[in-house]
Amino acid sequence: MDHTKAPVLDALRAYQAQEQLPFTPPGHKQGRGADPRVRAALGDALFDADMLAVSGLDDRTQSQKVLERAEELMADAVGAEHTFFSTCGSSLSVKAAMLSVAGPHEKLLVARDAHKSVISGLILAGIRPVWVDPQWDPDLHLAHPPAPEAFRSALEQHPDARGALVTSPTPYGTCADIKAIATLCHERGLPVIVDEAWGAHLPFHPELPTWAMDAGADVCITSVHKMGSGLEQGSVFHLQGALVTAATLASRADLLDTTSPSVLIYAALDGWRRQMVEGGHELLDGTLRRVRRVRAAIEEIDGLHVNDRQDFCGPKRAFDLDPLQVFIDLSGVRFSGYDAADWLRRNHRINLHTSDHRRINATLTHADDDTTTTRLLNGLRDLVASADELPPAPNIHIPDPGDLRLRQATLPRDAFFGDVEQVHRRSPLLPCSPTFLAVRPCLQGPPCRCRTPRPTDLGGGHRRRVPVRT
Ligand SMILES: Cc1ncc(COP(=O)(O)O)c(C=O)c1O
């Protein structure tokens, strides 16, 4: 296929060159109606490229197959049989994949270290999850993806399961042994969904962990906005094999999808594919070299330790590690990851991704260069030099995962829509999560001391209003 072409970008430029005139949404009409202050902040180019996908980018019957051709090129670039673009993030793609594999009351094996979109998928579909436990590292206080053995045992105990879902890489960059898990499932004729939201770059360099489709996944979901050059919400999901059909997957995505997809997001997905096919290997080669240098330089800073394969991979740990997720262990400096991240933003305008009670993480991508990594290193050196300004990390007792495991008494869907009592858990580190409130707003009882705003009543007339324990 001709990967110099970018059907969405080409159609977008043609629309602009032909001075097509919209009597359609979006109402700003190529920015003419937008407030100049908004245009000044966002740029005219953004409004100029924001158009309808149908009767805009393509004609009323989509006769030019603009989107279809872009998706075919993406599939060809990564070696999938079908690719679908989503402008609603991997949150939609994950749910579409789940709904394609299991329906109400059917079982799905789910690695317990799952993103909230997986929980939403369980609720929406009425799926009965069979939880597969991650591998817990009690020394590092970290969960790695479940071992294939855990999937084998779950499959043996639940021969009526319809498939499996595993997250790999995790936001910590740790990867599951997808090949072994896929083999176990395929021996039983079951499909495997891999939530590879953090792996947009994986197909384009052999030194990175094997991407899910090469390892045998049936459906694989990727957020191109996370590790690639996609705009926020740009996600793709890929399909191969015959265990899930393209028509099923498309219909499930259609059920959840917007009818107003953002052409901006499509365009960035299309451009990312061309960028990677044409120069991805070289770009990622440079990125990997840079990451090695940055990791070594951080290791030189007194008290900091960069987590590497020795820490995260091996027996009872992860199968592989994406080196672009640079995790820095702070045990040697005795302040928490949360405080370190806040300090770096406040004092150096540096924003980190994941932070936890003992780690911070800098996610590096092909977009980083000497300027960005020098700022990061200077910020980290200053952080350590300013250790006195940061409070000591609280001593966190993390129970053994076995002590936290709950008996699953009902379907997540029934629990979500059933009568519930809201119990606010106070954490020394975080305000109450609004998600706790969303299920059952604070309506009666003693006033909630939570600092998060109260949502309005979700309006389920059948729900019993319950007091809130604080
Ligand atoms: C593992 C995982 N899956 C899915 C998602 C959802 O992706 P998106 O933000 O593109 O909706 C995320 C987001 O952080 C994630 O970490």
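These numbers come from a predicted model, not from an experiment.

*Asks:* Quick one: what's the story with the site of the ligand, residue by residue and with numbers?
*Replies:* Neighbouring the ligand are the residues Gly89, Ser90, Ser91, His115, Thr167, Asp195, Ala197, Trp198, Ser223, His225 and Lys226. The side chain of tryptophan 198 places a nitrogen or oxygen atom 2.8 Å from an oxygen atom of the ligand. Serine 223 places a polar side-chain atom, nitrogen or oxygen, 2.9 Å from an oxygen atom of the ligand. A total of 390 Å² of accessible area belongs to the ligand in isolation, and the protein chains cover 84% of it. Among the secondary structure elements, those contributing two or more residues to the shell around the ligand are α5 (89-101) and α9 (224-227). Looking at which element gives the most residues to the shell around the ligand, the answer is α5, with 3 residues.

*Asks:* Any details on the sheet that holds strand β13 (residues 325-329)? Residues and values, ideally.
*Replies:* Strand order across the open sheet formed by 3 strands is β11-β13-β14, with antiparallel pairing between neighbours. Of all the strands in the sheet, the pair left with one neighbour each is β11 (305-306) and β14 (359-363). Sheet topology note: the β11/β13 ladder contains 2 bridges and is antiparallel. Along β13, the bridge assignment pairs histidine 305 with aspartate 329.

*Asks:* An account of the packing of helix α13 (residues 337-348) against helix α14 (residues 370-385) is needed here, citing residue identities and associated values.
*Replies:* Packing of α13 against α14 brings their axes to within 10 Å, and their N-to-C directions diverge by 115°. Relative to α14, α13 is oriented roughly perpendicular. In this structure, α13 crosses over α14, and the sense of that crossing is right-handed. Here Ala340, Trp343, Leu344 and His348 of α13 lie close against α14, whose contacting residues are Arg375, Asn378, Gly379, Leu380, Asp382 and Leu383. The residue inventory of the contact of α13 with α14, partitioned by class, reads 5 nonpolar, 3 polar and 2 charged.

*Asks:* Describe helix α4 (residues 66-78), listing the residues and the values that go with them.
*Replies:* In this model α4 runs 19 Å from its N-terminal to its C-terminal C-alpha over 13 residues, within 8% of the 18 Å that 1.5 Å per residue would give. When we look at burial in α4, the residues that qualify are Val66, Ala70, Glu71, Leu73, Met74, Ala75 and Val78. Trailing α4 by a residue or two, glycine 79 shows a phi angle of about 80°, which is positive.

*Asks:* Can you explain the pattern of salt bridges? Please cite residues and give values.
*Replies:* Using the criterion set out here, one finds 15 salt bridges in the structure. Its salt-bridge partner being aspartate 133, residue arginine 405 comes within 2.6 Å of it at the nearest N-O pair. With arginine 405 in the loop between α15 (401-404) and α16 (412-417) and aspartate 133 in the loop between β3 (128-132) and β4 (135-137), the pair connects residues that are 272 residues apart, well separated along the chain. A salt bridge links arginine 359 to aspartate 356; the shortest N-O distance between them is 2.9 Å. The same class applies to arginine 359 and to aspartate 356, which are both buried.

*Asks:* So what's going on with the pairing of strand β6 (residues 164-167)? Which residues, and what values?
*Replies:* Here β6 shows two buried faces, one formed by Ala164 and Val166 and the other by Leu165 and Thr167. Bridge count for strand β2 (residues 107-111) against β6 is 2 bridges, and the pairing is parallel. Its bridge partner lying in β6, leucine 109 is registered against alanine 164. Both β6 and strand β8 (residues 192-195) contribute to a ladder of 4 bridges, which runs parallel. When the bridges of β8 are listed, alanine 164 appears paired with valine 192.

Thresholds applied
- Residues numbered from 1 in each chain as written.
- Predicted model: local features only at pLDDT ≥ 70, side-chain atom pairs only at ≥ 80, totals over all residues.
- Heavy atoms only, no water.
- Near = heavy atom within 4 Å.
- Polar contact = N/O pair within 3.5 Å; in protein donor to acceptor, adjacent residues only side chain to side chain.
- Areas by Shrake-Rupley, 256 points an atom, 1.4 Å probe, with all protein chains shown as cover.
- Helix = DSSP H or I, 4+ residues; strand = E, 2+ residues; numbered from the N terminus.
- Pairing = 2+ DSSP bridges.
- Axes fitted to C-alpha atoms, helices over the stretch in contact; angles between N-to-C directions.
- Parallel < 35°, antiparallel > 145°, perpendicular 65-115°, else oblique.
- Left-handed = near helix turned anticlockwise from the far one by under 90°.
- Contact = heavy atoms within 4.5 Å.
- Nonpolar A, V, L, I, M, F, W, Y, C, P; charged D, E, K, R; others polar.
- Expected span 1.5 Å × (residues − 1).
- Buried < 20%, exposed > 50% of the residue type's maximum accessible area, 1.4 Å probe, protein only.
- Salt bridge = Lys/Arg side-chain N within 4 Å of Asp/Glu carboxyl O.

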